[in-house]
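What the coordinates show
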Amino acid sequence: LSAFVRALCMLVSRKIRMTTRFHVGAKALSSTIDAYAKRFDLLEVRLADRAPTEASLRRYRKNVPPHFEFVVVVPPAVAALKPSAAFDAGLAQTKGAVTALQARTVLVSTPPEVTPAAVWRDRMKSLLAALPRDASQVVWEPHGVWEIEEAARVAKRWDVVLSVDAAREEVPPGPVAYVRLPTLGAARSYSEAILERVVQRVGDRHETFVVIETSSALKEYKTLRRLAQG
């Protein structure tokens, strides 16, 4: 009997570990937040000159279900990692948006000028120390000369999540994955085979964030959900 119970516990444990919670969103908000939340459960909020006010962001949070996830994307002046008045203002704006949206995730999309050089690594570490980390996680999306393997090693050292294109790149190990599926150019949507590859590369996680930037994001979202559940 004890052997049977152990085997049953192993099966239950395996089932639990293989349950990955997906949060999926489109490239941007193209309608009201209420209508958007009926189709998706993730939205990147990009902070720039014309970003919503904190009052508007509080209304966003109020008008979506509790499980809906907001990702605050820091302003370009902050992601550039260059000390300035714009950097300080953008950092304050980021913190205000995190509070207004009750966001658990902050995304830093560094430009190509931010290279693997030591000076940029030091500046990134300073930014990470200034961002709210008590109730939120940071996602890093590097551009330019960064190799995926090196970026993954650095992200692990910084205790941040590396954003990747899982249709083309391996997803670094960890409890959380952040995936961006960019516009394909001539092709209008991702095939089921490619989306299945994405699900396989994500594998077993606590949760996965997926941003689909194609015009057919809703269709791909449904396919991705079906494949993940299957």
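Predicted model, so just to flag it, every value in this text is computed and none were measured.

A separate point is the packing of helix 3 (residues 54–62) against helix 5 (residues 85–101). Close contact between helix 3 and helix 5 brings their axes to 8 Å; oriented N to C, the two are set at 30 degrees. Looking at the two axes, helix 3 sits roughly parallel to helix 5. Remark: the crossing between helix 3 and helix 5 carries right-handed chirality. In contact with Glu54, Leu57, Arg58, Tyr60 and Arg61 of helix 3, helix 5 contributes Gly96, Ala97, Ala100 and Leu101. Of the residues that constitute the contact of helix 3 with helix 5, the class distribution is five nonpolar, one polar and three charged.

Taken together, the buried positions of helix 3 are occupied by Ser56, Leu57, Tyr60 and Arg61. Across the axial projection of helix 3, the buried residues extend over an arc of 145 degrees, all falling on one side. Residues of helix 3 that are buried sit in contact with helix 2 (33–37), strand 2 (42–46), strand 3 (69–73) and helix 5.

This brings us to the sheet that holds strand 2. Strand order in the open sheet formed by eight strands is 1-8-7-6-5-4-3-2, and the pairing between neighbours is parallel. Strands at the two margins of the open sheet, each flanked by one partner only, are strand 1 (21–26) and strand 2. Each strand of the sheet is rotated relative to its neighbour by a mean of 25 degrees, with strand direction disregarded. Examined bridge by bridge, strand 7 (residues 176–181) and strand 8 (residues 207–212) share six bridges and lie parallel to one another. Bridge pairing in strand 8 links arginine 180 to valine 211. Against the sheet, helix 8 (residues 192–202) engages strand 1, strand 7 and strand 8, with an angle of about 160 degrees to strand 7.

With that settled, consider helix 6 (residues 118–130). Relative to the 18 Å expected for 13 residues at 1.5 Å per residue, helix 6 spans 19 Å between its end C-alpha atoms, a close match to the ideal helical length. Looking at the buried positions of helix 6, the neighbouring elements they touch are helix 4 (76–79), helix 5, strand 4 (105–109), strand 5 (137–141) and helix 7 (148–158).

Per the stated rule, a full pass over the model turns up 12 salt bridges. A salt bridge links arginine 225 to aspartate 41, with the shortest nitrogen-to-oxygen separation between them at 2.8 Å. Taken together, the residues arginine 225 in helix 9 (residues 217–229) and aspartate 41 in the loop between helix 2 and strand 2 connect sequence positions 184 residues apart. The exposure class assigned to aspartate 41 is buried, which follows from its relative accessible area of 7%. Overlapping salt bridges, with partners in common, bring together Glu44, Arg46, Glu141, Arg180 and Glu213 in one network.

Another aspect to go through is the nonpolar core. For soluble globular proteins, nonpolar side chains are generally found buried alongside one another. If you look at the biggest cluster of nonpolar residues, it comprises 63 residues, and the most contacted ones within it are Phe70, Leu127, Trp140 and Leu181. Here this core gets six residues from one element, more than from any other, and that element is helix 5. Setting aside anything within four residues of it in sequence, one finds leucine 127 in contact with Val78, Leu81, Phe87, Leu91 and Val108. Counting residues in each nonpolar core, the second largest holds 10 residues, with Val71, Val73, Val139 and Val211 among its members.

Conventions used here
By convention here, each chain's residues receive numbers from 1 onward along its written sequence. Per-residue local features are limited, in this predicted model, to residues with pLDDT of at least 70; the limit for side-chain atom pairs, both in listing and counting, is 80 or more; totals at the level of whole chains, interfaces and linings are taken over all residues. Here the side-chain values reflect all heavy atoms present in the structure, with hydrogen atoms and water set aside. Throughout, an axis means a line fitted to C-alpha atoms (over the contacting stretch in the case of helices), and angles, computed between N-to-C directions, take values from 0 to 180 degrees. Going along the chain from the N terminus, every DSSP run of H or I of four or more residues is numbered as a helix, and every run of E of two or more is numbered as a strand. Angles below 35 degrees are treated as roughly parallel, those above 145 as roughly antiparallel, those between 65 and 115 as roughly perpendicular, and all remaining angles as oblique. By definition, any crossing whose near helix is turned counterclockwise from its far helix by less than a right angle is left-handed, and any crossing with a clockwise turn is right-handed. Two residues qualify as a contact provided that any one of their heavy atoms is within 4.5 Å of a heavy atom in the partner residue. Ten residue types, Ala, Val, Leu, Ile, Met, Phe, Trp, Tyr, Cys and Pro, are classed as nonpolar, four, Asp, Glu, Lys and Arg, as charged, and the remainder, Gly among them, as polar. Relative accessibility under 20% of the residue-type maximum defines a buried residue, over 50% an exposed one, and the middle range a partly exposed one, all with a 1.4 Å probe and only protein chains included. Our arc is simply the arc of the directions from the helix axis toward the C-beta atoms. We call two strands paired when DSSP finds no fewer than two bridges between them. To estimate the expected span of a helix, subtract one from its residue number and multiply by 1.5 Å. By salt bridge we mean one thing: a side-chain nitrogen of Lys or Arg within 4 Å of a carboxyl oxygen of Asp or Glu. Buried Ala, Val, Leu, Ile, Met, Phe, Trp, Tyr and Cys residues that are joined via side-chain atoms within 4.5 Å together make up what is termed a nonpolar core.

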